[in-house]
Amino acid sequence: MNCTYCGYFNEEQTHACRRCGSGLPEPQCQECAQNVVWGQVICDRCQRLAKSADRTPCPSCSTLNLVSAEYCTACGTPMAVITRVMMLSRAREREPLETWRVYGIETRLVGRERELATLDAQYKAVLESGQPRIVTLTGSMGLGKSRLFDEFGRRLNESFSATHALHAASRDDAGGPYSMFGRLIRDRFYIAEKEHPESARRKLLDAVKSLVDGKDAERLAHLVGQLLDLSFEDSPYLPTIRDSEGAHELDRRSYEALAEILRADASSDPIVVFLEDLQYATNRSLDLIDYLTRHLHDCPILFILSWNPDEVVSDRVLYQLAPDAALELTPLSDAEVEAFVRDTLHKADEIPTGLVEKITESAHGIPLSVEEVLRILISQGIVDTRRSTWVIDEAKISDIVLPSTIEGTVQARVSTLTPEERDVLEMAACVGTVFWPEAVRCLNHLRQEHAGEDKLYWQDADLDRRCDEILESLERKDMIRRSKDAGVLEEMYFKHRLERRQLYDAMAGQDKQRYHRLLAQWIERTVDPEDEKTAEMVASHFDRARCLDQAARRYVTAANAARVRYANEKAIELYLKGLSYLSDADVELKVETFLQLGNVYDMVGEYDQALAYYREMLRYAWLVGDESKGGVAYNKIGRSYSSLGEYDMALEHLERAMELFRTRSDERGIASTMDELGKIHMARGNFGEAEAFYAGALHLRREIGDKRSIALSLSHIGALKLQRGEIQTAMVDFREALELRRQVGDQQGVVDSFNNLAILCLERGQRDHALTLFGEALDLARRIGYRGSLAFVLNNIGETHLIIGDIRKAEEYLQEAMQVAEDSGERRALFDILKNLGRVAQRRSDRDLAFERINEALHIANQLDSQILLAVGMESLAELHAHYVFNDQYRDESIRLAEECYRDAIALLRAVGNEGELGRCLSSYGRFLVERGDADSGREQLEQAKEIFERLDMKGLWAQNQEVIGAL
């Protein structure tokens, strides 16, 4: 029998409720007062009459109520919409439930006058200045961040303001990386979440056209549609972006489009944007927040950004913001809590002081705790809400034991649930903070079958109907809420994650495993199985179900998808999870996972880690006798050693790779290994050997037709030609490589191509163009996490600023490059960085530091056994000595050492055939000779340099050199 106060179902006959101790009357029909059997609420006759009347049972105590009743007349439980003889489809289409209510009473916001005044002041500043303002709003769970904004929005409405108030909260990754902004945009343009895609696209396009004049409206709508998962398939604006710049470039242009739309929208009426629960925001959503707050600098927009600092927060944006106002919510005072309690219980004639004191003492100033405690007291019958005037049972106040923490309050609230409600919530908790009612119904089938009930499968509609009734009841109790941004499947979510966590933690381990196992299979067949998020979700459920083989495979699938979109940290995390469960029974997948994990570590510049996983790949390949995979492993190990500057070790492993590839007639492997061998010979200044390897690799790759690999060979050949000073032909190779990389979406390759083309522009004296290309390379490298190229690009930007004469910027970029190169152990990059930092020290007149840096660079060149680097280092050392020829203290020594270093550098450069660098060295040496008084010898060196610059089309250097000759 259900207790009329707390709703608890007492299975066995008793005179007192086994939960709350309330007295239970003899069972009588609540309609006609006739005696009924234990557990029966109404007699059979009244049940038949009720079916034809406008009555419906309470989901908690089963008492019949008029369908118009908001709350049960017997136990005070909110009546669920679904129980009002209303079709489920209609129930789902209803308006969202009102929040901030305790059993029909709207709670009043108290103690937040200062915060509201700050929001009002910032809003007025936006109106007066026409400029954006940023307010950060932080506070622990339950302090009322959402309620504060709700009250602020209400004030705007009451003042008849034309301001558009837009609100969206982040709920983990539910709905995709930009789901929060998708809800924001849909809400602004009145696009229903479940609206047909064609209708939604039309509404979006019409809305943008009303804001933006001209043909730009279509472009902006198509780009912003990507943030809502509304793809305009035949759009002329998207394929080019996808084919050339890839997903990151598409994101960037979508950011720009959204900023343009918000700017146009705000030009007519101000906008308030409230983004909540940012501790759960995806990295891409945080990127978009960062972009909007930095670029909408001329718009009347008030950004209110809210998060809980107690939870794990991605700090890339939130803690780097420079807000105009920072609000931190603190607990309410005792007086404020008392006012809150009395206002909520205002329907009672008398509110005992002892009750108010007990609530105030237990709540610790947390509004959520106050609301939850009041709900508990009502459910226990201490506060009787069944009449128009509420009655408080003073006799029970002294026996009340209230929780002293918010966790305890939540636990007490959970304990008031009926067994059915708890079962349904536990199943929802297994799905996650955001869950699908359909998945809960599926789990309920498993639970009922496990209970041994005999069912006619797919014919028992009552089972699903009852599950939906309970979900509606829980929604009415404000424990769960219905999501407005659901896709094809309806979604709900826990109002408080703490309630979900407590329910989940208290579940029996066996039940969790059964539920997670079924959930994994349900999700995989119901949601897009190819989606990265789906694969990770399925893997996670199989993991919790201890189905480790299945979990491992799904983790690797999700990791592969993350790697493709350059989510490197996520890919590493997922690969490691997959490897932790992969057994030796699936060696093929294990070898492939070691390979891909090594590739990701290689990309982010962690070469030692990459080596460790490539070695594991090699071991397993050897164990099963897979020569092809063994060749790949040796090739990758050689590449990692090459990146670390350990060229002898690299050559040893690459030669072994070549043997295995030739045994298997693996042309792809042979071409890749030849390419890597060419890189080492080029780094050591053996240009002839490098050219032979590069040419052979390119020939094989053109026969295979692999565009990505062809582009790599062309890039290497172009770099070799550039070293030799063959600028025109290098340009042809670089451009073809870039075009191929754009076609296949090779973002790493695009970074390298931009970098190569920028170096070429620098050689031709086009410094501004070079900086633009270096900037493109840097931006893309950072966005995809390509640290393997980052140090080189940063160094090149620093060197360009050094040439221009901006010492401050040069040092800034070079120091960052130094940090990246040291972290990764990239000695080849360290050589260039140290050489340039030596020049910076020279410009700052720090002679000792300049020599220290150049000598460190020379030491690395010797370690790498690179003649070309040794020559470049000797040239830099000669220029440093030459700088001090007019210093009386160092004059004689500087002349002698500069002369020696110039001659050694020129001899080495002639030997390796680096024409471009030879021209620079000859020109520098010629100026040195002229300055020390030997004009004839100086002119001779300058003329040789002039001939090289003219032949190589190095116009900038030719002009500088010609100016010196003309002065002579």
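These numbers come from a predicted model, not from an experiment. Residue indices begin from 1 for each chain and proceed along its sequence in written order. At least 70 in pLDDT is required for a residue's local features to be given in this predicted model, at least 80 for side-chain atom pairs to be given and counted, and no such filter applies to totals for whole chains, interfaces and linings, which use all residues. Hydrogen atoms and water are omitted, and side-chain values are computed over all heavy atoms in the structure.

Visitor: So what exactly am I meant to see when it comes to the overall build of the chain here?
Guide: If you tally the helices and strands in the chain, you get 41 helices and 14 strands. Buried residues in the chain amount to 56% of all 968 residues. Note on contacts: a residue pair qualifies if any of its non-hydrogen atoms lie within 4.5 Å across the two residues. When contacts within the chain are restricted to residue pairs at least 6 apart in sequence, long-range pairs at least 24 apart make up 62% of them. For the chain, the accessible area works out to roughly 42500 Å², and carbon and sulfur atoms hold 47% of it. In DSSP terms, a helix is any run of H or I states spanning at least four residues, a strand is any run of E spanning at least two, and both are numbered starting from the N terminus. Burial classes: relative accessible area under 20% of the type maximum marks a residue as buried, over 50% as exposed, and values in between as partly exposed (1.4 Å probe, protein chains only). Here the accessible surface of atoms and residues is derived via Shrake-Rupley with a 1.4 Å probe, and residues count as covered only by protein chains that are part of the display.

Visitor: Just checking my understanding: could you explain the sheet that holds strand 13 (residues 480-482) for this structure?
Guide: Consider a sheet: its strands pair through backbone hydrogen bonds, and that pairing is either parallel or antiparallel. A pair of strands counts as paired when DSSP detects no fewer than two bridges linking them. Read across the sheet, three strands follow the order 12-14-13 without closing on themselves; strand pairing throughout is antiparallel. This sheet does not close on itself; its edge strands, each paired only once, are strand 12 (434-435) and strand 13.

Visitor: What am I meant to see in the nonpolar core here?
Guide: General note: in soluble globular proteins, nonpolar side chains tend to be found buried as a group. To qualify as a nonpolar core, a set must consist of buried Ala, Val, Leu, Ile, Met, Phe, Trp, Tyr and Cys residues joined through side-chain atoms within 4.5 Å. By size, the foremost hydrophobic cluster in this structure holds 210 residues, and its most contacted members are Phe-152, Ile-304, Phe-435 and Phe-928. Tallying contributions element by element places helix 37 (residues 867-882) first for this core, with ten residues. Those residues in contact with Phe-928 that lie beyond four places of it in its chain are Ala-882, Val-885, Ile-895, Ala-898, Glu-899 and Tyr-902. Counting 51 residues, the second-largest nonpolar core is a separate cluster that includes Phe-181, Leu-250, Leu-258 and Leu-286.

Visitor: What is the right way to read the packing of aromatic side chains from this model?
Guide: Any two aromatic rings considered together are summarised by their centre-to-centre distance and by the angle between their planes. Side-chain rings of Phe, Tyr and Trp, where Trp is taken by its six-membered ring, are said to pair if the distance between their centres is within 6.5 Å; with planes under 30 degrees apart they count as stacked, over 60 as edge-to-face, and otherwise as tilted. One pass over the full model with this rule turns up 15 aromatic pairs. An angle of 25° between the planes, with centres 6.2 Å apart, marks the rings of Phe-594 and Tyr-613 as stacked. Of this pair, Phe-594 sits in helix 23 (residues 587-603) while Tyr-613 sits in helix 24 (residues 607-623), and the two are 19 residues apart along the sequence. We classify Phe-594 as buried; its relative accessible area is 6%. Feature note: the residues Tyr-123, Phe-149, Phe-152 and Phe-274 constitute an aromatic cluster, connected by ring pairs.

Visitor: Teacher, can you tell me more about unusual backbone geometry here?
Guide: With the exception of glycine, most residues fall at negative phi, and the peptide bonds are largely trans. In this structure, Tyr-190 takes a positive phi of about 55° despite not being glycine. Its place among the elements puts Tyr-190 in the loop between helix 5 (179-188) and helix 6 (197-211). On the accessibility criterion, Tyr-190 (64% relative accessible area) is exposed.

Visitor: What exactly am I supposed to notice about the pattern of salt bridges here?
Guide: For side chains of opposite charge, pairing can occur when their charged atoms come near one another. Here, a salt bridge means any side-chain nitrogen of Lys or Arg that lies within 4 Å of a carboxyl oxygen of Asp or Glu. For the coordinates displayed, the defined rule picks out 55 salt bridges. A salt bridge links Glu-490 to Arg-482; the shortest N-O distance between them is 2.1 Å. Its relative accessible area of 17% is what places Arg-482 among the buried residues. The partner of Arg-639 in a salt bridge is Asp-602, and the shortest N-O contact between them spans 3.5 Å. Residue Arg-639 is located in helix 25 (residues 627-643), and its partner Asp-602 is located in helix 23; the two are separated by 37 residues in the primary sequence. A residue is classified by how much of its surface remains accessible, and Arg-639, at 27% relative accessible area, is partly exposed.

Visitor: Looking at this structure, I do not really get the environment of Arg-742. What am I missing?
Guide: Along the polypeptide, Arg-742 turns up in helix 30 (residues 727-744). According to the relative accessible area criterion, Arg-742 is partly exposed, its value standing at 23%. Residues Arg-742 and Ala-711, 31 residues apart in the sequence, show an inter-C-alpha distance of 9.9 Å.

Visitor: Looking at this model, I keep getting lost on the sheet that holds strand 5 (residues 133-138). Mind explaining?
Guide: Taken in spatial order, the five strands of this open sheet run 6-7-8-5-9, and their pairing is parallel. Looking at strand neighbours, the two that pair on one side only are strand 6 (164-169) and strand 9 (325-328), the edges of this open sheet. Along the sheet, successive strands turn relative to each other by an average axial angle of 15°, direction set aside. With four bridges joining them, strand 5 and strand 9 adopt parallel strand pairing. Within the sheet, the bridge partner assigned to Thr-138 lies in strand 9 and is Glu-328. Here, axes are lines fitted to C-alpha atoms. For helices the fit covers the stretch in contact, and angles between N-to-C directions go from 0 to 180 degrees.

Visitor: For this particular structure, what's the right way to read a nonpolar patch on the surface?
Guide: To count toward a patch, a residue needs a relative accessible area over 30% and no salt bridge; like charges are then connected within 9 Å, while nonpolar side chains (Val, Leu, Ile, Met, Phe, Trp, Tyr) are connected within 5 Å. Together, Trp-622, Leu-623 and Val-624 line one region of the surface with nonpolar side chains, adding up to about 380 Å² of accessible area. Structurally, Val-624 can be placed in the loop between helix 24 and helix 25.

Visitor: Where do I start with the packing of helix 23 against helix 25 in this structure?
Guide: Helix packing for two helices is described by the angle between their axes and how far apart those axes are. Following both chains from N to C, one finds helix 23 and helix 25 inclined at 15°, their axes separated by 11 Å at the closest point. It follows that helix 23 is roughly parallel to helix 25 by the angle criterion. In this structure, helix 23 crosses over helix 25, and the sense of that crossing is left-handed. Contacts between helix 23 and helix 25 involve Val-591, Glu-592, Leu-595, Asn-599 and Asp-602 on the former and, on the latter, Lys-629, Val-632, Lys-636, Arg-639, Ser-640 and Ser-643. For classification purposes, an angle smaller than 35 degrees is called roughly parallel, one larger than 145 roughly antiparallel, one from 65 to 115 roughly perpendicular, and anything else oblique. Each crossing is labelled by how the near helix is turned from the far one, with a counterclockwise turn of less than a right angle marking it left-handed and a clockwise turn marking it right-handed.

Visitor: Help me out: how do you make sense of the packing of helix 37 against helix 39 (residues 915-931) in this one?
Guide: Orientation of helix 37 relative to helix 39, taken along the N-to-C sense of each, is 20°, at an axis distance of 11 Å. As summarised for this structure, helix 37 and helix 39 are arranged roughly parallel, according to the angle between their axes. Helix-helix and strand crossings are classified by hand; for helix 37 and helix 39 the assignment is left-handed. Between helix 37, through Val-872, Glu-875, Glu-879 and Ala-882, and helix 39, the contact on the second element is made entirely by Glu-917, Arg-920, Cys-921, Ser-924 and Phe-928. Residues were grouped as follows: Ala, Val, Leu, Ile, Met, Phe, Trp, Tyr, Cys and Pro as nonpolar; Asp, Glu, Lys and Arg as charged; and all remaining residues, including Gly, as polar. Here the contact of helix 37 with helix 39 is composed, by residue class, of four nonpolar, one polar and four charged.

Visitor: Just checking my understanding: could you explain the confidence of the model for the chain for this structure?
Guide: Segments scoring low in pLDDT should not have their predicted coordinates read at a detailed level. With 84% of its residues at a pLDDT of at least 70, the chain reaches an overall mean of 82. What pLDDT reports is the predictor's confidence in each residue, on a scale of 0 through 100. pLDDT under 50 marks residues 80-98. Its contacts with residues more than four places away, or in other chains, come to 39 contacts. Below a pLDDT of 50 lies the segment residues 239-246, which in the model reaches 17 contacts outside its immediate sequence neighbourhood of four places, other chains included.

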